[in-house]
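So the chains spell out like this:
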Amino acid sequence: MDRLGRTRVWLADQLTPAVAVIASQEADSLCHAANGLTVVNLLRPFGVLNQLNGTIGVPVRTVGEAPFRLHSWRLRFYAANTMFQPAAEAADGHLKEVLSAAAATACDEGVPPLEVLLSPDCGDATPWYGIYRDEFVRLMAFGDHETMDHPVACVLVLPSTVRGDPVAAFEELFARPGSLPALMQQGVMEPRIPKHYVLLHDARTAPPGTLERAQNMLRHMAGSIGQQCHLLVINSRTEEQPAGIDQRFWSAALPGTIPGGGAGEPASYPAPPPGGAYGAGLSESDVRSLAEFARNLAVQHIIPNLEMRIRALNHQAGCLPRGMVTSTRKGLRNQLKSLLWRKAGPSSFLAAAAGVGATDSPSSTAPSTPTAVAGTAGGSVLPGAYLHSSVEGEMRALSDLALLLRDFETALGTLRLLASDYKQDKAWKHYAAVQEALGVATILSIGSPADAVASYKEAFYRYQQVAQLGGRYRTEGTRYATRAAMVLLEYLRAIGQHGEANWICMKAHFQEENLRAGLLLEQAAHSLLRLAPSPHVRKFAFHLVLAGLRYNLCEQKGLALRAYKQVLGVYSGRRWALIEEHLHDVLGRQSREAGDWLGAVQHYMAMVLCPANSPYCQRAYMAQFLDVLRGAQAALGYDPTLELPVPVINLERVGLQYDSQTGYGTPEARQVGGEVWRPLEAAVQPPAEGGPLTWLDGGSRAHMAHQQPEHSCIVGETVGIDIELSNPLQIDLALTRLRLACSFEPAAAAAASAAHSGSAAAGAVVGGADRPKNPGLQIREESLTLGPGERMVVHLRLVPLRAGSVTVEGVQWVLAGLAQGCQRFRIPRPKPRKPGSSKPLLDAVREPPGGVHFTVLPPMPHLEVSTPPLSPVMLVGELLRCPLRLRNTGAMTMHNIAMAVATPDMLLTAVEVLPVPPAAAAAAAPAGPDISGAAVISPTTGGSTDSTLGPNSNLPESQAAAAGPEAGREAPDQQQQHGSSDSSAHSAGPAVLATDAAGGGDSLSHQLEGLALATSARSSPAGTAPLPAPAPEPGLVVGAAQPGPGSGLPPRGPRTRAPGGVVEVVVSERPGGMTVFSLPPGSSKLGVGQELQLVLWLRPTQPGAVRFNSVWCYEPVVKLDSVRFRTLRVTYSAAVQPSLDLAAAAVAGRSVPGTCLLQLRGVNRQGVEALRLTELACPGEAWQLSRLQQAQQAQQQQQQTRGGGSSCQELDTVVGPESAVTLHYHLLPADSAAAAAAPGVDPPASGLCGPALSSAVAQWFFRRAHPRRRVVPTAPSTSSLQSVATGRSTRHQTSAAASVVEDGGEQGGSGAGELSASLDLVVRWEVAGAPTGAQPRCGFHVVYQQRVQEGPPIHVQLLGPGRVAHDFDVAPFCTLQLVLRVRNTLPSPAAVCVETGKGPDGRPTPLGMATWAPSPAPPDGSMPSTSSSSSSGGYVQPVQPHIWCGRTRVTLPDLPSCQTVEVPLHVAASEPGMLHLADYLVSWSYPEVPALSGSRPGPPCVVQVQQRRRQQLQQEQLGGGG
């Protein structure tokens, strides 16, 4: 049934006939003694008549002869003396109690959220209003201006033991004073109603024979007064018979009583029976007889009587002589007659509104007006009432009786006539009542909603007009207006006019007292939520605030709290801080006054989070909250756990720090994405024992959908969670006992509940301070103070002590030492994905957010990598030595240790393995630096300072090394002492061995052979500190791997127990540019607590924030099914600043035959510190370096010894910040064989020179970063010149003299390199200004594959005087002497021919060739006098001003290799000017290599020829002017 149907049923239930019951005191006593009920209460439940006459119903004849059937009806039985309207004060008190009882039940259910209220399926959000409304309408019955509640019959009840004449006894009972209704005594009610006489027989207490006597009396009465006589037998139930009807059947018919009685109920009910059960004495036959009596009374008596009465009232006015109602009121003529000759009422509006008029004359035929008459039963006078015998009274009775029988057509017609009469009389209260009846009839007859709404609005308006008269009319009019508003509200909601419903509630609440005003405001607010298309949420909240204020004024604290809570749900999260603060303040005070300590604590706790307030206000709110919390703790007897709003915790994103199969060695490693680590781990991890998983291994879709991504941790290893805390206030927050809230499930229980692994996390509750400690976990607590506005990330830890599962549900803390706070994690769950794929399952359901679940695996080895604090700032190219300490902090021995890197910026080296005694290890453990690269395995002692809980407490603690380098940092003077003592101790140390696993390995192994301790003795970069080397002691034996083939080392014997040995670092290349450094199996086993010390070299090549990423992999000795290996991700970060910017250029030399000129420019981009260039090296044996001033000596020495240079040059050049330096060198080709044969000349160095750059470490970085990976130059031979020539002619590659050797390959040959070969340059530098005695920071830069600019094989140079003065007036020609130097740059003899006076094509130089420029004009404007000039200045046509004389063709048939020959030449100038001599041609040929033949014009030579006379004249003029 829809809401409109329910509204019609509710209204129809109000339109039911009332039956007055007058019972003697003895009859009530008989009922109450055994049943606890009066006669009225005994009959009332049976008044509900369903299925009248079965399913057929009772036919009813209407006035319009339109019969219909009544299928259900109800008789309202009332005690006749209680049928009056109670006093307003008593009724309001009773209504307040009813509302309090209803609200107490509803308020305990909680406040529904706003989303629920907005949903269409939302039920009644205010159930107490419906209870109050029904009770209020019931108490407003029996008004003097309406006849709906007038009795239609009277039931007189006497006991069957009555003596004497029963008819007289019934008459006496009816005439007894005070037995009739008050309005009937006053003449308002119709006294002539049918009477029914009932004899009540008590089968339990009546004497024998009483029943037969009563039956005889009943027959006698029926013969005298008719069939209205009845006999009811009660209390016939025996103890053997079962109990009667359910108690709810009786209690539902017992409404509340009012002091003084009224509304059909006595002032109080009799006390219940001793047993407390209503109807205990009634048997089944008694119940059937009562039900049959009520049914017969309705069907056989009341309904027929109402039909006859309606017909009589419609056709005649009872016994009045005025005639029929139809003939006097209906029709146009009767209406005009009533309007024109109707008696005028009082002129006063007050009297008219009150219904007071002239006395109606019984003989008058005109309609009557309100009068004040004495009641027919001798009652008191009732002013302003229409008598039941008046035309208006009979018309109102006619309409109400028609409504009782559902004859809506008759009722509507009569009510419309009556409304016009009342309106003309200005009897507004009666008029309003008629409008209410019109509205009810329209609704029930399914008439026009507009007519029904208009009728109720008119009634409401007229009732308020009566209330304006003041006095008793104010209260009366307001209450009736509220009744009309409540009925109209229900109907408007039923038809969906919620805006009108809000309007009528707001109109009605203004004149009402606080309680009903609060109810109406609340209903107005809820009507706003049903407005379409958009609800008015803010107005809803505002109306609820007003309702809460009214509730608070009338002491309805529960409803006021509920209203404020509902408003708080609307304003929360809308950034209306002041409104929320006010609401919480009001709710907190009211909850505290009501004794709801937990509610008060919640509201005052919400006020603490007020970041916009001043610090004073925040401190006051915090003190207020703590004060209420103390009171709550004292009242409750325990410390409640609260979801404190401060500090603000990020519950959706937490940082997990734990080691499962993958661990993190440094905090920086956790900030690197997985795309960086995956290729490194793939390169270093061992291959899988089984094949890869397929989709067949995933199981069913249902199984995959319920799989949750779990994290795994190891027993005894710390699990850390980073939680972000922030203080939004401007005051300090003191937090103590900050810890994780966890639950633990042992392995056996976890295996048993594997199908529902999430149940433990879902069912666990974040406990308070009294929560018992879990024996399987060790939880660490933290204490801190958050300053104003401070944000902090706190690392909270726990250690699982047993295998099983751990669920981290949230975080707990104590605020200000008093408030127990907790928050649950709301970490989003990812959707289940397909196995081996990143796509989620489409039909899978995402798990709700929650905490973090860990699976605790058995004990495993755990690798811990530590290093001293590195320098946070490095320079590009800086070489940094980092001692590494590898320690096994797990519970199992590990082996197969390997490290993978992806950049050429990292190198791992290992040296001798030495056992360290516990004392030495304890002394060396805190500092954690290197012992000059020695790889030492040592057992360590010590453990965690935390106590363990539960079993397995003897496991090694993984936190022993957590103190890191901070715990054992040494003083600088101690570090210097260690460094000074290391130099001598390490000089005789064992050698280092590294094997290149790619094949060969000879080059790298020999380069690393001499590293050991000599490298660290040279320098120790900033941020590192060497440790003293422990004395070797016999003990732990670690075998060394056999050297690879081709390494050049003798094979080692079997493992022996010796004080020390050599550990190899095997280097292998993997696809993707990965490099793996691994220790051979069997030689790198680390037991529990043992350490391994290695050396890591770092050299950044790019500026900016640089991360050195590496992945360590190791395997447990005992294979486990869960974890076959473990990896450790390590990242070292540094801010790399620019250091040295190098640029080089090499061109073929011209001054020294067979050499190149090298220009090296370096710019210090560092900007803060100066850099000192210490070495310049040319790696390999192809080139030697020589300074420019030593070029001639180098040339002479080269001619004698074919050597004389060096591949490394010592430098001492300081380059300041943002400064530049340019260096020039000669590159000389080297001939190792000749140099070796020459006496007193050392062979060139085969590598990077210098104490640091000659080490294998520098060679490693140089080779790894080379673009072509080890370009090894080789010397060209004569047989290869043909290919060189071919390369020159085709301009293709010129690197025939260089061979590319991959890693592990061998280098073949060495010798002098040709000019076209590429070369690499290395510059070593160090930071200038280091303190005395401290090792400076050093590094090197490399310029790779520098190409030498090609030159001609025959190099020529024409030399002459720069300036010549000649007097052309004396001699017409000036002869100049020139020298031509011819040089052969190839290692093969050549034939050279020089021809003067020829151009590039070999022909003679034409006369027009621009070989001369005239001298500038003299200052006086005079032109020089020359014999060859025909015009002045430079405007004459140029002619050939010179002529070659002497030998114009010079031939050198055999020019040796790398030799220079000087040829004299002469030229004659005919005029002064700038002489540009370039008209000569050089041709050459190589008999051994004909393809190298060629020619080219020679380089020009410029000579300035001046006129001597002009020069003297200028000097004289200058001298005279001075």
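So, a few notes on the structure that sits alongside this text. This structure is a prediction, so every number in the text was calculated from the model and none was measured.

## Structural notes on the sheet that holds strand 51 (residues 1390–1396)
- Strand order across the open sheet formed by four strands is 54-51-57-58, with antiparallel pairing between neighbours. Two strands bound the open sheet, and with one partner strand each, they are strand 54 (1449–1455) and strand 58 (1494–1497). Neighbour-to-neighbour, the strand axes of the sheet open up by a mean angle of 15°, direction not taken into account.

## Overview of the side chain of His543
- With respect to the helices and strands, the residue His543 is situated in helix 22 (residues 537–553).
- Contact partners of His543, with chain neighbours within four places excluded, come to Asn502, Met506, Leu521, Ala524, Ala525 and Leu528.

## What about the sheet that holds strand 53 (residues 1442–1445)?
- The sheet built from four strands is open, its strands ordered 48-50-55-53 with antiparallel pairing. The open sheet terminates on both sides in strands that have one partner only, identified here as strand 48 (1354–1359) and strand 53. Here the average twist between neighbouring strands, direction ignored, is 30°.
- As defined by bridge partners, strand 50 (residues 1374–1384) adjoins strand 55 (residues 1460–1469) across ten bridges and the pair is classed as antiparallel. Residue pairing across strands places Val1379 opposite Pro1464, the latter belonging to strand 55.

## Side note on the packing of aromatic side chains
- Using the criterion set out here, one finds ten aromatic pairs in the structure.
- Ring centres of Tyr658 and Phe854 lie 5.2 Å apart, and the angle between their planes is 80°; this geometry places the pair in the edge-to-face category. Highlighted residues: Tyr658 in the loop between strand 12 (655–657) and strand 13 (662–664) and Phe854 in strand 22 (residues 852–857), separated in sequence by 196 residues. The pair formed by Tyr658 and Phe854 is uniform in burial state, with each residue classed as buried.
- Among the aromatic residues, those joined into a ring-pair cluster are Phe46, Phe249 and Trp250.
- The residue whose ring lies beneath Lys457 is Trp503, and the NZ or CZ to ring-centre distance is 4.8 Å.
- The ring centre of Phe1340 lies 4.2 Å from the NZ or CZ of Arg1099, which sits over that ring.

## Points about the environment of Pro181
- Secondary-structure assignment places Pro181 in the loop between helix 7 (166–175) and helix 8 (182–185).
- On a C-alpha basis, the gap between Pro181 and Phe84 in space is 6.7 Å, while along the polypeptide they are 97 residues apart.
- Each residue touching Pro181, except ones within four places of it in the same chain, is listed here: Ala80, Met83 and Met189.

## Regarding the pattern of salt bridges
- Under the defined criterion, the tally for this structure stands at 39 salt bridges.
- With a shortest N-O distance of 3.4 Å, Arg133 and Asp134 are connected by a salt bridge.
- Residue classification places Arg133 among the buried residues on the basis of a relative accessible area of 10%.
- Ionic pairing is found between Glu500 and Lys457, a salt bridge with its closest N-O pair at 2.8 Å. Of this pair, Glu500 sits in helix 20 (residues 498–509) while Lys457 sits in helix 18 (residues 449–467); the two residues are 43 residues apart in sequence, bridging distant segments of the chain.
- Using a relative accessible area of 30% as the deciding quantity, one classes Glu500 as partly exposed.
- In this structure Lys457 comes out as partly exposed when scored by relative accessible area, which is 27%.
- Ionic contacts of the salt-bridge type, sharing partners, join the residues Asp92, Arg479, Glu512, Glu513 and Arg516 into one network.

## A word on the environment of Asp149
- Among the structural elements, Asp149 can be located in the loop between helix 6 (127–139) and strand 7 (151–159).
- The spatial distance from the C-alpha of Asp149 to the C-alpha of Asp400 is 9.0 Å, given a sequence separation of 251 residues.
- Setting aside chain neighbours within four positions, we find Asp149 in contact with Ala18, Arg76, Met83, Ala141 and Phe142.
- Of note is the side chain of Asp149, whose polar atom sits 3.0 Å from the backbone nitrogen of Phe142.

## As for unusual backbone geometry
- Omega for the peptide link from Ala532 to Pro533 comes to 5°, which places this bond in the cis form.
- For Pro533, the position within the fold is in the loop between helix 21 (514–528) and helix 22.
- That bond from Val646 to Pro647 is cis: its omega, -5°, falls within 30 degrees of zero.
- By the element assignment, Pro647 lies in the loop between strand 10 (641–642) and strand 11 (648–649).
- Unusually for a residue other than glycine, Phe142 sits at a positive phi of about 65°.
- By the element assignment, Phe142 lies in the loop between helix 6 and strand 7.
- Look at Phe142 and you get buried, because its relative accessible area is 4%.
- The residue Arg737 is not glycine, and still its phi comes out positive at about 55°.
- Here Arg737 lies in strand 16 (residues 733–746).

## As for the packing of helix 22 against helix 23 (residues 557–571)
- It is the contact of helix 22 with helix 23, at a shortest axis distance of 8 Å, that shows an interaxial angle of 160°. As judged from the angle between their axes, helix 22 and helix 23 are roughly antiparallel. When you trace helix 22 past helix 23, the crossing you get is left-handed. Counting all contacts with helix 22, which are made through Val537, Arg538, Phe540, Ala541, Phe542, Leu544, Val545, Gly548, Leu549, Tyr551 and Asn552, the residues of helix 23 involved are Lys557, Leu559, Ala560, Ala563, Tyr564, Gln566, Val567, Val570 and Tyr571.
- Its residues placed into classes, the contact of helix 22 with helix 23 shows 15 nonpolar, three polar and two charged.

## Re a nonpolar patch on the surface
- Side chains of Leu598, Leu636 and Tyr638 sit close together on the surface and give an oily, nonpolar patch of about 250 Å² of accessible area.
- Looking at where Tyr638 falls in the secondary structure, it is placed in the loop between helix 26 (615–636) and strand 10.
- The exposure class assigned to Tyr638 is partly exposed, which follows from its relative accessible area of 43%.

Parameters and conventions
- Residues numbered from 1 in each chain as written.
- Predicted model: local features only at pLDDT ≥ 70, side-chain atom pairs only at ≥ 80, totals over all residues.
- Heavy atoms only, no water.
- Pairing = 2+ DSSP bridges.
- Helix = DSSP H or I, 4+ residues; strand = E, 2+ residues; numbered from the N terminus.
- Axes fitted to C-alpha atoms, helices over the stretch in contact; angles between N-to-C directions.
- Contact = heavy atoms within 4.5 Å.
- Phe/Tyr/Trp six-rings, centres within 6.5 Å; stacked < 30°, edge-to-face > 60°.
- Buried < 20%, exposed > 50% of the residue type's maximum accessible area, 1.4 Å probe, protein only.
- Lys NZ or Arg CZ within 6 Å of the ring centre and 35° of its normal.
- Salt bridge = Lys/Arg side-chain N within 4 Å of Asp/Glu carboxyl O.
- Polar contact = N/O pair within 3.5 Å; in protein donor to acceptor, adjacent residues only side chain to side chain.
- Parallel < 35°, antiparallel > 145°, perpendicular 65-115°, else oblique.
- Left-handed = near helix turned anticlockwise from the far one by under 90°.
- Nonpolar A, V, L, I, M, F, W, Y, C, P; charged D, E, K, R; others polar.
- Patch = residues over 30% accessible without salt bridge, like charges linked within 9 Å, V, L, I, M, F, W, Y side chains within 5 Å.
- Areas by Shrake-Rupley, 256 points an atom, 1.4 Å probe, with all protein chains shown as cover.

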